Amino acid sequence: MAPICRSFLLFMLISLFVSFGSAEIRFTEFRSDGRPIIPLDQFGFTHTGRLELNLSQIGLSNKNPDLDLAKVGFFLSTLDAWMHVLQQLADGEVTCALESDLVKLVSDFRAAKGNSRFDVVFPVNNADQYTLVFANCLSDVKVSMTVRSAMYNLEGKQNSRDYLSAGRTVLPRVYFLLSLIYFSLAGIWIYVLYKKRLTVFTIHFFMLAVVVLKAFNLIFEAEDKSYIKRTGSAHGWDVLFYIFSFLKGIMLFTLIVLIGTGWSFLKPFLQDKEKKVLMIVIPLQVVANIAQVVIDETSPFGQDRVTWKQVFLLVDVICCCAVLFPIVWSIKNLREAARTDGKAAVNLMKLTLFRQYYIVVICYIYFTRVVVYALETITSYKYFWTSVLAGELATLAFYVFTGYKFKPEAHNPYFAIDDEEEEAAAEQLKLEDEFEL
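Rules used throughout
Residues numbered from 1 in each chain as written. Predicted model: local features only at pLDDT ≥ 70, side-chain atom pairs only at ≥ 80, totals over all residues. Heavy atoms only, no water. Salt bridge = Lys/Arg side-chain N within 4 Å of Asp/Glu carboxyl O. Helix = DSSP H or I, 4+ residues; strand = E, 2+ residues; numbered from the N terminus. Buried < 20%, exposed > 50% of the residue type's maximum accessible area, 1.4 Å probe, protein only. Phe/Tyr/Trp six-rings, centres within 6.5 Å; stacked < 30°, edge-to-face > 60°. Disulfide = S-S within 2.5 Å. Polar contact = N/O pair within 3.5 Å; in protein donor to acceptor, adjacent residues only side chain to side chain. Contact = heavy atoms within 4.5 Å. Axes fitted to C-alpha atoms, helices over the stretch in contact; angles between N-to-C directions. Parallel < 35°, antiparallel > 145°, perpendicular 65-115°, else oblique. Pairing = 2+ DSSP bridges. pLDDT = per-residue confidence, 0-100.

Counted according to the given criterion, the structure contains 10 salt bridges. Across the pair K229 and D162 runs a salt bridge whose closest N-O atoms are separated by 2.9 Å. With K229 in helix α4 (residues 202–231) and D162 in strand β9 (residues 160–162), this pair connects stretches of sequence that are 67 residues apart. In this structure, R369 engages D316 in a salt bridge whose closest nitrogen and oxygen atoms are separated by 2.7 Å. Highlighted residues: R369 in helix α9 (residues 344–378) and D316 in helix α7 (residues 303–322), separated in sequence by 53 residues. The exposure class of R369 is partly exposed, given its relative accessible area of 29%.

This paragraph deals with the packing of aromatic side chains. Within a pair of aromatic rings, the relevant descriptors are the distance that separates the centres and the angle that separates the planes. Taken as a whole, this structure holds 20 aromatic pairs when the rule is applied. For the pair F109 and F134, a centre-to-centre distance of 6.0 Å together with 45° between the ring planes defines the contact as tilted. Pair noted here: F109 is in the loop between β5 (104–108) and β6 (118–124) and F134 is in strand β7 (residues 128–136), with a separation of 25 residues, a long-range link. Per residue, the accessibility class of F109 equals that of F134, and both read buried.

Turning our eyes to something else, we now look at the environment of T298. Tracing the sequence through the fold places T298 in the loop between α6 (272–297) and α7. Looking at T298, the relative accessible area reads 23%, which means it is partly exposed. Along the backbone, T298 and R26 are 272 residues apart, and their C-alpha atoms lie at a distance of 8.8 Å.

So, on to the state of the cysteines. The final tally for this structure, using the stated rule, is one disulfide. Across the disulfide, C96 is cross-linked to C137 (sulfur-sulfur distance 2.0 Å). Sign of the S-S torsion, about 75° for the bond between C96 and C137, identifies this disulfide as right-handed. Highlighted residues: C96 in the loop between α2 (79–91) and β5 and C137 in the loop between β7 and β8 (143–155), separated in sequence by 41 residues. When its relative accessible area of 0% is taken as the criterion, C96 is described as buried. The partly exposed category is assigned to C137, whose relative accessible area is 25%.

Below, the discussion takes up the side chain of E52. Tracing the backbone through its elements, the reader meets E52 in strand β3 (residues 49–60). Given the relative accessible area of 12%, E52 is considered buried. Within the structure, the side chain of E52 is placed 2.8 Å from the side chain of Y152, a separation counted as a polar contact. With near-sequence residues (within four places) excluded, E52 lies in contact with V120, V121, R148, S149, A150, Y152 and R161.

A separate point is the packing of helix α3 (residues 171–195) against helix α10 (residues 384–405). Close contact between α3 and α10 brings their axes to 11 Å; oriented N to C, the two are set at 5°. Classified by the angle their axes make, α3 and α10 are roughly parallel. Every residue of α10 that contacts α3 at L171, V174, Y175, L178, I181, Y182, L185 and W189 is listed here: F384, W385, V388, L389, E392, T395, L396, Y399, V400 and G403.

One open sheet holds the four strands; their spatial order is β2-β7-β4-β5, and the pairing between them is antiparallel. Strands with a single pairing partner mark the edges of an open sheet, and in this sheet they are β2 (37–45) and β5. Neighbour to neighbour, the strand axes of the sheet diverge by 20° on average, direction disregarded. Sheet topology note: the β2/β7 ladder contains eight bridges and is antiparallel. Along β7, the bridge assignment pairs F43 with Y130.

Attention now goes to the confidence of the model for the protein chain. Taken over all residues, the pLDDT of the protein chain has a mean of 82, while the share at 70 or more is 82%. Here helix α1 (residues 2–17) stands out as the least confident element of the protein chain, with mean pLDDT 42; α3 is the most confident, with 96. Contacts from residues 1–23, a stretch scored under 50 in pLDDT, to residues over four places away or in other chains number 50 contacts. Low pLDDT, under 50, characterises residues 412–423; the predicted model gives this stretch 18 contacts beyond four residues in sequence or across chains.

As structure tokens, this is what we get:
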């Protein structure tokens with residue numbers, strides 16, 4: 001009972017850190033593994049679900065022909081059902097999870113009939129989110145095998161296979177439509193840059209590059225998910241997705257840092273401390289993208305995936321905090337300049353803009369890192385796509401806000417100030433100083 005409880009606790013711990021991916025066809029190898037419970041994959045089935053298992057190179061450490069092979073096998077279980085199974089084991093109602101009537105027994109090792117391989121096709125008619133689990137209730141036996149697992153739902157009159165979990169099957173369309181929006185934004189931005197080409201700064205071309213990379217990132221992610229949906233494999237589209245995801249991530253964080261420093265449109269250079277922020281953010285983004293690749297390409301319950309997920313979260317938090325520093329420094333510098341250079345209204349407008357940007361960056365980070373994760377946790381597996389859409393819409397809103405606030409202007413609003421506005425701004429700064437005191 002104790003090893004099973006530990007395995008359950010491990011299962012729960014992994015569930016907290018893992019954002020389960022699409023359950024495409026997976027290959028898993030076990031070599032002399034004595035764990036009593038091994039979760040393999042998770043999938044949201046409809047009423048026409050199927051599970052295919054192909055086992056090969058099966059080997060047991062104990063060659064005794066009288067072993068009870070009914071206590072070694074695979075089953076499907078929901079999380080709620082598994083918690084009740086643990087109670088059954090604690091009460092002595094069953095001695096092995098495979099004996100419980102609360103799980104769906106897929107197959108045990110008696111199906112091998114002495115061979116080193118066997119295949120199973122198991123229908124799933126009750127729609128729910130299930131975890132595929134391997135159970136070994138023989139404490140003195142270690143198992144070696146290679147497992148090919150494929151979970152899918154049958155759709156349409158032709159019963160075509162859909163390898164994307166229920167709740168994720170609409171993601172290819174979601175990503176494709178979003179990519180069209182970003183390509184449209186890129187076209188609009190090019191038109192704006194052309195119309196106001198006399199007041200365009202380098203940072204505006206940098207912003208265009210970020211939008212284009214985001215558009216390509218989404219179109220390749222749409223193709224990646226589309227091929228997985230139809231065939232269970234990305235067929236190389238995942239490589240392009242990772243490349244553009246890597247470029248987009250680095251460029252976005254770099255853009256936030258550059259805008260926060262006022263580079264290009266306020267000053268033509270970066271201070272040493274601002275360069276150091278970039279030197280921190282860019283390498284960390286490299287690590288974050290490596291972690292993301294490992295997370296996507298390994299089994300949802302693998303130990304390496306948990307470790308890399310923690311690395312990704314840590315690096316992401318550090319990057320999100322680091323990009324806020326240049327904005328804070330700019331706000332501080334503008335406040336000091338407003339008191340000393342006699343251009344209160346000019347600096348107040350700059351100050352207001354950077355304060356707004358600081359708040360929006362924080363809201364963007366909070367929503368895409370915390371709120372979206374909360375949506376993934378509380379929403380049903382059938383509506384997983386809603387959390388993805390919420391995160392993407394928040395990102396889109398952030399891009400639009402950044403472009404609107406920092407677009408090239410024919411008449412620089414920082415200097416189009418009359419005397420009354422100057423006096424009002426000076427009075428406002430004075431009131432703010434008194435309030436702080």
